[in-house]
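Coordinates in review
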Amino acid sequence: MTTPIQLAESLSTTTLLRFATAGSVDDGKSTLVGRLLHDSKSVLTDQLEAVQDASRKRGQEAPDLALLTDGLRAEREQGITIDVAYRYFATPRRRFILADTPGHVQYTRNMVTGASTAELAVVLVDARNGVVEQTRRHAAVAALLRVPHVVLAVNKMDLVDYAEPVFAAMAEEFTAYAASLGVPEITAIPISALAGDNVVEPSAHMDWYGGPTVLEHLETVPVSHDLTACHARFPVQYVIRPQTAEHPDYRGYAGQIAAGVFRVGEPVTVLPSGRTSTIAGIDLLGDSVDIAWAPQSVTVRLADDVDVSRGDLIAPSDDAPAVTQDVEATVCHVADQPLTVGQRVLIKHTTRTVKAIVKDIPSRLTLDDLSQHPAPGQLIANDIGRVVVRTAEPLALDAYADSRRTGSFLLIDPADGTTLSAGMAGASFAAVTQAPAPAGDDAEWDF
Amino acid sequence: MTTVATVSEGTDNPYALSHLDSLESEAVHIFREVAGEFERPVILFSGGKDSILMLHLALKAFAPAPVPFTLLHVDTGHNFPEVLEYRDRTVAEHGLRLHVASVQEYIDAGKLRERPDGTRNPLQTVPLTEAIQQHRFDAVFGGGRRDEEKARAKERVFSLRDEFSQWDPRRQRPELWQLYNGRHAAGEHVRVFPISNWTELDVWQYIEREGIELPEIYFAHEREVFNRSGMWLTAGDWGGPKEHERTETRQVRYRTVGDMSCTGAVDSDATTLDAVITEIAASRLTERGATRADDKMSEAAMEDRKREGYF
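Residues numbered from 1 in each chain as written. Chains lettered and ligands numbered in written order. Predicted model: local features only at pLDDT ≥ 70, side-chain atom pairs only at ≥ 80, totals over all residues. Heavy atoms only, no water.

Below, the discussion takes up the UniProt feature "domain: Phosphoadenosine phosphosulphate reductase" (unreviewed entry) in chain B. In this numbering, the UniProt entry assigns the feature "domain: Phosphoadenosine phosphosulphate reductase" (unreviewed entry) to residues 41–264 of chain B. The span residues 41–264 of chain B is 25% helical and 21% strand by assignment, and the distance between its end C-alpha atoms comes to 31 Å. (UniProt positions renumbered as here; feature names shortened; annotations may be inferred. Helix = DSSP H or I, 4+ residues; strand = E, 2+ residues; numbered from the N terminus.)

Following this line, the structure appears as structure tokens:
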């Protein structure tokens, strides 16, 4: 048992993992989330009392842990989760931000929301039901959003006598399926959220399982990628020009490094103009540094007095992205109003917002069976489809597969500001063309 | 078959940021997005730890230039004198501009009526929303954190409010990646919460790391208090204690700073940041559960207030 003092000491140096959970209504997601929160001391007495009170008022004997996360009146009235809730908990090894996403199919947009910032997704299945359509949907969304780590949590192992073959068959089926979608790392863990097997404590019932518990895995999964393999990207947010007696000539470009590493002395190109210069200095929130990397917020100074403003992208001269006005992408449509061919929209990409027109919607994906429907004409709420967009000004756009940050964009309704669609530039599932479809499913992946 | 973790690198990657650095970087990004996209942003500044933290982050985000925002304080008239002193000193130190919306002035002018329970926290909504309209603020930074309360856990970082400042949780824009959508019509504004993802412990650890000065009431000190509904309230002109309530001197500190009529003190001997952090890490109560009466009024008290324009 860790003492509070040890916890406080260790917490200041730990890393942060953002993860999302996905699961169908009765897969035990609330129980799993409840146990993770509870066993990490993140449910405090007054919160638990509030849940007990509310449960009692509803005539329930046991506290309904879903009330911990279902915070809105409408959710509590209807007993369903409508919207993503963010939860926070910590262990001595790491801090966690959990995007708790609703499982209903009509809330695909919410899973997309939760997964967009997640480094890891936990997909829950019921050991009695196995890998079902909903599991495939969740895996497909995780793959589409390029969540680097996916955990298959096979829940309710207590109801199948903790039988290894049950778990092994599901793990194999899911791993083959998710790998074919291009999920880079898959970990399957047999659990019972209710009984507590392999969630925080290793199970005494499953000697045959040699892997980590859910929490152990969350604590040890790497949170930063190999930055040397990433294309360095720096979208300019804001130009800092104090014009004071102390700093009469300071001109710095403020932003958050979207990917990779930048070094002082490095030759860089500013896009879309294509002007070149050299990094003269990097200020890390008050400190001068020689090197900075994603996702640090910094201020970059250039050696030459080139024209740089919000919306520009600074990249290494030998590794700059191409600029384009023709964007091909997969989008998840998140608004109630449809997206149609010919529609005028705004596209928000990094710090740049430009006018655009939807030239084509070549296909729509049905998540139920992953079949593709050609030329649907429009996308409605929760649809995922391919789009072709022509922009009024060039964008320095990467493929989403290469950079989640500089390959993603929003489509926005210029009339009322509604966020219409979440966009991912480039080809869809990278690994799909060679991958065989899983048994019993003849769907085409390349939609 | 891949049924166990395939990665065992651990967290000794030299490029891994500490969680405080990650949160700081994210908050700075949010401040700069607002500076880049809005015309008239304002930071709600009460002199409480969350708004002090926000101001500190804003100072770092735009250094060596000054913070390009004004400040707004909704003064309930029942604020702690030490906190108001801190507020004015900080504003002067950084050469900032502070607007004050006064609940007392609204009551004196007959535009708001004192509540029977004496709590002025809900009365802040009208002066706040009118100040936003009067000054035509289009982005309003708040220090709200999602770990504080279940309705806040549902709040976006960029939260669109209509011309009446109302929050409609069912009509929130999905928030994807770090692409914050701040578009709004004239008369509407966006509430922005740069420290959404911070917990109370993060706030304290960051304050310690950065050596940020706080008002004295956050540290254990002797104070004249009396008990009302299980909370230790500070005796004062605001309306306490009543006849049947007895005052006593206790060693206490505050976990939150708000209106004196509904913000309770906790028994404590934590006189240093270290001791405060140890105390919070061991506490079995949330900061609002321990010390805020206004959240206990109903199961959805916060959601209801937020719908009306509270931050």
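Having seen it, we continue.
This next bit is on the sheet that holds strand 4 (residues 139–141) of chain B. Sheet strands pair via backbone hydrogen bonds, and the direction of the pair is either parallel or antiparallel. All names here are of chain B. On the basis of which strands lie adjacent, the open sheet formed by 6 strands has the order 3-2-1-4-6-5 and mixed pairing. Both edges of this open sheet fall to strand 3 (98–102) and strand 5 (158–161), since each of them pairs with a single strand only. Recorded for the sheet is a direction-independent mean angle of 30° between the axes of neighbouring strands. Pairing of strand 5 with strand 6 (residues 189–192) involves 4 bridges; the strand directions are antiparallel. Looking at strand 6, one finds that Ser159 is bridged to Arg191. (Pairing = 2+ DSSP bridges. Axes fitted to C-alpha atoms, helices over the stretch in contact; angles between N-to-C directions.)

This brings us to the pairing of strand 2 (residues 85–90) of chain A. Remember that side chains alternate between the two faces of the sheet whenever the strand is regular. All names here are of chain A. Of all 6 residues that make up strand 2, 6 are buried, and the element is covered over most of its length. Both faces of strand 2 are covered, namely the face carrying Ala85, Arg87 and Phe89 and the face carrying Tyr86, Tyr88 and Ala90. With 6 bridges joining them, strand 2 and strand 3 (residues 94–100) adopt antiparallel strand pairing. Bridging from a neighbouring strand, Tyr88 pairs with Ile97 of strand 3. Counting the residues between successive antiparallel strands, the hairpin from strand 2 to strand 3 contains 3 residues. (Buried < 20%, exposed > 50% of the residue type's maximum accessible area, 1.4 Å probe, protein only.)

Inspection of every chain in the model, using the stated rule, returns 37 salt bridges over all chains. Between Arg310 of chain A and Glu37 of chain B there is a salt bridge; the shortest N-O distance is 3.0 Å. Of this pair, Arg310 of chain A sits in the loop between strand 15 (297–302) and strand 16 (313–316) while Glu37 of chain B sits in helix 1 (residues 19–37), which puts the two residues in different chains. Among the ionic pairs, Asp312 of chain A bridges to Arg352 of chain A, the shortest N-O distance being 3.8 Å. You can see Asp312 of chain A sitting in the loop between strand 15 and strand 16 and its partner Arg352 of chain A sitting in strand 20 (residues 352–366), a full 40 residues away along the chain. Look at the salt bridges and you will find they share partners, linking Asp21, Glu24, Lys60, Arg209 and Glu210 of chain B into a network. (Salt bridge = Lys/Arg side-chain N within 4 Å of Asp/Glu carboxyl O.)

Residues and elements named next belong to chain A. Given a rise of 1.5 Å per residue, 13 residues ought to cover 18 Å, and the 18 Å separating the end C-alpha atoms of helix 3 (residues 45–57) matches this to within 8%. When helix 3 is considered as a whole, its buried residues turn out to be Asp46, Val51, Ala54 and Ser55. Once helix 3 ends, the next one or two residues include Gly59, with phi positive near 85°. (Expected span 1.5 Å × (residues − 1).)

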